[in-house]
Every structure is written in structure tokens, then in C-alpha cells.
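Okay, here's what each chain looks like letter by letter:
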Amino acid sequence: MDAGVITEPTFRESVDMMFNRAVALMELPPGLEDKIRVCNSTYMVRFGVKLRGSIHTFTGYRSVHSEHMEPVKGGIRYSLGVNQDEVEALAALMTYKCALVETPFGGSKGGLCIDPRQYDEDELERITRRFAYELAKRHLIDPAQNVPAPDMGTGEREMAWIADQYARMNTTDINAKACVTGKPPHAGGIQGRVEATGRGVQYALQEFFRHPEDIAAAGLSGTLDGKRVVVQGLGNVGYHAAKFLREEDGSIVTGIIERDGALVSDDGIDVEAVHKWIANHGGVKGFPDATFIEDGASVLEKDCDILVPAALEGVINLGNAARVTAPLIIEAANGPVTAGADEILRNKGTVIIPDMYANAGGVTVSYFEWVKNLSHIRFGRMQRRQEEARHLLIVDELQRLSDNLGDAWSMTGDFKDKYLRGAGELELVRSGLDDTMRSAYQAMREVWHGRDDVSDLRTAAYIVSISRVADSYRAKGL
Ligand code: NAD
């Protein structure tokens, strides 16, 4: 290799470099820094499944980064890019993410080296069940020890297969459903989990825009309304984030980057229509109401207010960071900005809302699902009607007052209907998620603005989460 050529670190090295940057500013007891940084274990398995008349061999991983709290938690990814370095980096991020949003889990991650688009549903079920069997028999799927969730290339369907496979192997485990989260609601899931990560991205941005000092730090002003957003990856996370920002916050989606290229339109792109187009055509090419750009990645450099990388890691790197102009980047994907790119962007004054916070909505609602499975009751089932009955007392009193006052006063518009409706599971999940995203942001920003030696949200996020993990190790006597 030429002397002087700066090479990009691997994903795992990138995460370690960001970790090191933060611990250099902390005073941890000797040895604890290393204990927290290292990945405790990575299990690699090769297994065969008979498909189309021959045996196909697959390689899968489950990495456990930290067991300072159990179970450990983290998604299972299906992608040809899966490798040990990647799962370990993602498992480490899970440790920090869970600590930051105060979910009582350690960090883990899994992956299967596969292109799921090459297999039909029946084949994928057999492959998934076999992978789940390999992990469950080693307690790498277990309600008390290791609880997976969806990630890139997997969703509700795969989680339902995993839950069923675990239940078949553990017929007397009354908590079997809690062995995995992200299940469909009819199979022990929770309302609002599918959209949770994208919803969390929206709540994160809403919270950011509540703080004038932070908006100014990014060189922006005003609210989310009218902000130009470019999103990369219209999968689970990117689709929901872009849809909610557009439909509920008034943001304008001016760019959508997918595998086969990108769509741009300064007038705004209909996210729902593009999502349907991808489902029917397998890509964005040919979508009639926007301009198609063959070199999708170049659209990461497009002039916009908010860039939402929501596809995969390493997309903003030493090769393009200097040309990325968005003043605010929210890392909906895990690790989209490499450590080298992070430095370039920081020096330019770009504000980055880091992955461990930005996409924590998924694990937060997974936590609610796990609690629901262990308590064997739907959230709100006991309280909803009682809450409605108490609200009715107030509404009846207000009605009486209004009748007595005649034209002088009456209840406004739909107040009565809204106030009378008790919270169901979906409302409670959204409220819990919103609260989590607000509290975690406030913990980060206290460090960001409160310390002279911290100038970015990522370092602040690492400091908050590492100190929580350290406290937990200390409490264990380590
Ligand atoms: P997904 O498989 O549903 O969607 C990924 C999308 O990115 C797909 O539409 C795919 O076509 C697109 N894509 C792939 N390669 C691309 C490329 N080179 N350029 C542009 N687009 C590309 O995955 P997901 O669940 O939405 O996960 C996306 C990211 O979010 C990952 O980094 C994942 O780790 C992270 N994440 C997901 C969750 C979750 O709950 N699903 C939670 C936390 C973090």
C-alpha cells in the first residue's frame, strides 16, 4: 500500500474509534474501558438446508457484545454483506443504544449471509427455522438471555417463524413468545413495532427542532415544516421516517436513493407512491413523477436541509464526506458515517444525530413488546375503560356548565370525542416511544452543551451510554 494513503477503517474499527474518542474524555477505572469495548463472544455457524434438489450451505453469526444486562438484544440481518466484523460492530452499537435509551438489555446482533430476494417464501421459512434452531439450542435465542429482532432483510414474517421454532423446541416455556421481538400482532407482537424505528427518527427530529440553540448549531431555523429531506433506503426504517416527516410534519422529500438509482424533485416526492412503485417494479427506475438519477449515491451530496441515510453502513466515507452539503444528518441506519467522514463533517460544522440514538425507536418498542409478552396482557387492557369512565364524569360536568352558561361558553370542536377516548395499545406505545426519545436526547444534549471538551452529539451519546454501562459493571463488583 502507498505510504500516505489514508484507508477507511472497517465498520468495527470505526465504532471503536468513536468509542475511544469518548472514553478519552472520561475517567474510567483501569481495565474497565477494555472490558466495555471488547465483544464478549461471536458464534459462527454453517448449516445446510436441502433446497431445489441439493444441499445449500449457509453461514450465520450471533455476536454478544456485552452481558452487563440480560437478556442481550439485537436484530438479525439477512444480507450478502454479513460478516464477523459487521455483526460485532452492530452488537457493540446495540450495547450503547440500549444504555442510551434505558432499555434493560445488553448488546447483541446476528446475521445470515444470504440474499433473501433469491429465495421464495417457503425456502426462506426453512432456512430461517434452521438458523433459529442452531441459535436456540445454544441459548442464543432465549427470552431470558438473548432476544433477536428484525433488521435489514428481515421483518415480522421471519420473527414469527423464529418465535414458533423456539416454542416448538421449548414446549413448557410459558414465556416462549418473549424469545424474539418484532413479531406480527397476531403472533404475540405489539401495535406500532413495524413503524417504530422510522417513528423514532421522526420523534428524534421533532425533539431536535424543539431546541433553538441546536437548530442554530446546524445553521437552520424554524421547524420541520418545509424542510427539504433526502432519504437513502426506502425500506422499513427509511419509508416510515420519510412518510411521517412528509405527512405529519410538513417536510418535503426532495430525494429518495435506492439500490438501482435515485429520484429527485425539488417540488417533493410522494413517498407512498414510490413505495408502491418499488413493490411492483423492484426499484425506483421509471417512477413517473420525479427525475431518475442512475448514480444514486451522488444524491447524498444534493443540497438539502436534512439527510437521512437509512440503508446501510459506510455510505458517507472519506470518498464523499467533503462533498456532502446537508447541514443536518440523522443516522437512521447503523454506521452510515465512517469515523473518518465523521471527522470531516464535524470540522465543517455538520450536525450529526448519531445512529445509537436516532434509530433506537426499534429497540425501545421491542422492549415494550418483550414486557408485554412476559406480562401476558395487552397494554391498556385494564385501564382503558376506567380512564374513559373518569373522563366522562368531567365531560358531563362541563356539559352541565355549558348548558347553564348558554352562548357564553361551550366545549370546542372535537374536544369531547378526543378527551373521552382512553388510550389503547398503539397510543401507549407511541407515548412511551416519544418519552424515551425526548429523555435520551436531553441526556445527550446536556453533555453536548454542558462540557467544553465535547463538541458533537455522537461523543455526547457515547459518554452517556458508556457511563451507564460502567455503572452497571461497578454494581456487579467488576
Ligand atoms: P430494509 O431491508 O427494510 O431496507 C433497506 C433498504 O435499503 C431497502 O429498501 C434496500 O433496497 C435499500 N438499499 C440497500 N442497499 C442500498 C444502497 N446501496 N443504496 C440505496 N439503498 C439501498 O432494512 P431496514 O430494517 O430498514 O434497516 C435499514 C438500516 O436501519 C440498517 O442499517 C439497520 O441496521 C438499521 N436499523 C433497522 C431497525 C429495524 O427496526 N428494522 C432498527 C434499528 C436500525
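Because the structure is predicted, anything quoted here is derived from the model rather than measured.

### Here we look at the overall build of the protein
Part 1 of the argument: Assigned secondary structure in the protein consists of 16 helices and twelve strands.
Part 2 of the argument: Taking 478 residues into account, the globule formula puts the C-alpha radius of gyration at 23 Å, and the protein, at 23 Å, falls close to it.
Part 3 of the argument: Summarising its shape, the C-alpha atoms of the protein cover approximately 85 × 55 × 55 Å along the three principal directions.
Part 4 of the argument: Sorting the 478 residues of the protein into buried and exposed places 56% on the buried side.

### Remarks on the domain arrangement of the protein
Part 1 of the argument: Entries for the protein in the domain assignment read domain 1 (41-189) and domain 2 (196-361).
Part 2 of the argument: A separation of 28 Å is found between the C-alpha centroids of domain 1 and domain 2.
Part 3 of the argument: Around 890 Å² of area is buried between domain 1 and domain 2 when both sides are counted, 59% of it from carbon and sulfur atoms.
Part 4 of the argument: The largest contributions to the domain 1 side of the interface with domain 2 come from Leu-93, Lys-97 and Leu-100, which together make up 47% of the buried area.
Part 5 of the argument: In this structure, the salt-bridge partner of Glu-313 is Arg-77, at a minimum N-O distance of 3.0 Å.
Part 6 of the argument: Put simply, domain 1 and domain 2 have three residue pairs in polar contact (both at pLDDT 80 or more) between them.
Part 7 of the argument: The dominant element in the side of domain 1 that touches domain 2, judged by the number of residues it contributes, is helix 3 (residues 84-100), at six residues.
Part 8 of the argument: Its residues assigned to classes, the side of domain 1 that touches domain 2 comprises six nonpolar, no polar and six charged.

### Concerning a nonpolar patch on the surface
Part 1 of the argument: On the surface, Leu-401, Leu-405 and Trp-409 cluster together to form a nonpolar patch covering roughly 260 Å² of accessible area.
Part 2 of the argument: Its place among the elements puts Leu-405 in helix 13 (residues 384-405).

### Here's the deal with the site of the ligand
Part 1 of the argument: Surveying the vicinity of the ligand reveals 22 residues, the closest of which are Arg-77, Asp-151, Thr-197, Glu-258 and Asn-334.
Part 2 of the argument: At 3.0 Å, a backbone N or O of Gly-153 approaches an oxygen atom of the ligand.
Part 3 of the argument: In this structure, an oxygen atom belonging to the ligand sits 2.9 Å away from a main-chain N or O atom of Asn-236.
Part 4 of the argument: Elements with a contribution of two residues or more to the shell around the ligand: helix 8 (236-249) and strand 7 (252-258).
Part 5 of the argument: Considering only residue class, the shell around the ligand consists of nine nonpolar, eight polar and five charged.

### Describing the packing of aromatic side chains
In this description, a pair of aromatic rings is defined by centroid distance and the angle of the planes.
Part 1 of the argument: For the structure on display, the rule yields 13 aromatic pairs.
Part 2 of the argument: Between Phe-415 and Tyr-419, the ring centres sit 5.3 Å apart and the planes meet at 15 degrees, which makes this aromatic pair stacked. Linking Phe-415 with Tyr-419, this pair stays in helix 14 (residues 415-420), spanning four residues, or about one helical turn.
Part 3 of the argument: The exposure class of Tyr-419 is partly exposed, given its relative accessible area of 27%.
Part 4 of the argument: Put simply, the rings of Phe-47, Phe-58, Tyr-119 and Phe-131 touch in pairs and so form one group of aromatic residues.
Part 5 of the argument: Cation over ring: Arg-199 sits above Phe-244, and NZ or CZ is 3.6 Å from the ring centre.

### What to know about the pattern of salt bridges
Part 1 of the argument: Within this structure, the stated rule accounts for 47 salt bridges.
Part 2 of the argument: Between Arg-430 and Glu-195 there is a salt bridge, with the nearest N and O atoms lying 3.3 Å from each other. Residue Arg-430 is found in helix 15 (residues 425-450), and its partner Glu-195 is found in the loop between helix 5 (156-169) and helix 6 (196-208); the two are separated by 235 residues along the sequence.
Part 3 of the argument: On the accessibility criterion, Arg-430 (29% relative accessible area) is partly exposed.

### Focus on the side chain of His-240
Part 1 of the argument: Structurally, the position occupied by His-240 is in helix 8.
Part 2 of the argument: With residues up to four places along the chain from it excluded, the contact list for His-240 reads Val-194, Glu-195, Gly-198 and Gly-235.

### Digging into the sheet that holds strand 7
Part 1 of the argument: Sheet architecture is open: seven strands sit in the order 9-8-7-6-10-11-12, paired in mixed fashion. Two strands lie at the open edges of the sheet, namely strand 9 (291-293) and strand 12 (351-353), each paired on one side alone. Neighbour-to-neighbour, the strand axes of the sheet open up by a mean angle of 20 degrees, direction not taken into account.
Part 2 of the argument: Bridge count for strand 7 against strand 8 (residues 261-264) is four bridges, and the pairing is antiparallel. From the neighbouring strand, Ile-257 faces strand 8, where its bridge partner is Ala-262.

### Details of the packing of helix 15 against helix 16 (residues 457-475)
Part 1 of the argument: Following both chains from N to C, one finds helix 15 and helix 16 inclined at 110 degrees, their axes separated by 8 Å at the closest point. Of the possible angle classes, the one that applies to helix 15 and helix 16 is roughly perpendicular. As helix 15 packs across helix 16, the resulting crossing turns out to be right-handed. Residues Tyr-441, Ala-443, Met-444, Val-447 and Trp-448 of helix 15 touch helix 16, and the partners they reach there are Leu-457, Ala-460, Ala-461, Ile-463, Val-464 and Arg-468.

### What to know about the pairing of strand 8
Part 1 of the argument: Residues Gly-261 and Leu-263 line one face of strand 8 and the alternating positions Ala-262 and Val-264 line the opposite face, and both faces are buried.
Part 2 of the argument: Counted along the chain from strand 7 to the antiparallel partner strand 8, the turn is two residues long.
Part 3 of the argument: In terms of strand pairing, strand 8 meets strand 9 through three bridges, oriented antiparallel. Residue pairing in the sheet places Leu-263 in a bridge with Phe-292 of strand 9.

About the criteria used
- Residues numbered from 1 in each chain as written.
- Predicted model: local features only at pLDDT ≥ 70, side-chain atom pairs only at ≥ 80, totals over all residues.
- Heavy atoms only, no water.
- Helix = DSSP H or I, 4+ residues; strand = E, 2+ residues; numbered from the N terminus.
- Rg over C-alpha atoms; globule rule 2.2 N^0.38 Å.
- Buried < 20%, exposed > 50% of the residue type's maximum accessible area, 1.4 Å probe, protein only.
- Domains from an automatic or database assignment.
- Buried area = accessible area lost by both parts, 1.4 Å probe.
- Salt bridge = Lys/Arg side-chain N within 4 Å of Asp/Glu carboxyl O.
- Polar contact = N/O pair within 3.5 Å; in protein donor to acceptor, adjacent residues only side chain to side chain.
- Nonpolar A, V, L, I, M, F, W, Y, C, P; charged D, E, K, R; others polar.
- Patch = residues over 30% accessible without salt bridge, like charges linked within 9 Å, V, L, I, M, F, W, Y side chains within 5 Å.
- Areas by Shrake-Rupley, 256 points an atom, 1.4 Å probe, with all protein chains shown as cover.
- Near = heavy atom within 4 Å.
- Phe/Tyr/Trp six-rings, centres within 6.5 Å; stacked < 30°, edge-to-face > 60°.
- Lys NZ or Arg CZ within 6 Å of the ring centre and 35° of its normal.
- Contact = heavy atoms within 4.5 Å.
- Pairing = 2+ DSSP bridges.
- Axes fitted to C-alpha atoms, helices over the stretch in contact; angles between N-to-C directions.
- Parallel < 35°, antiparallel > 145°, perpendicular 65-115°, else oblique.
- Left-handed = near helix turned anticlockwise from the far one by under 90°.

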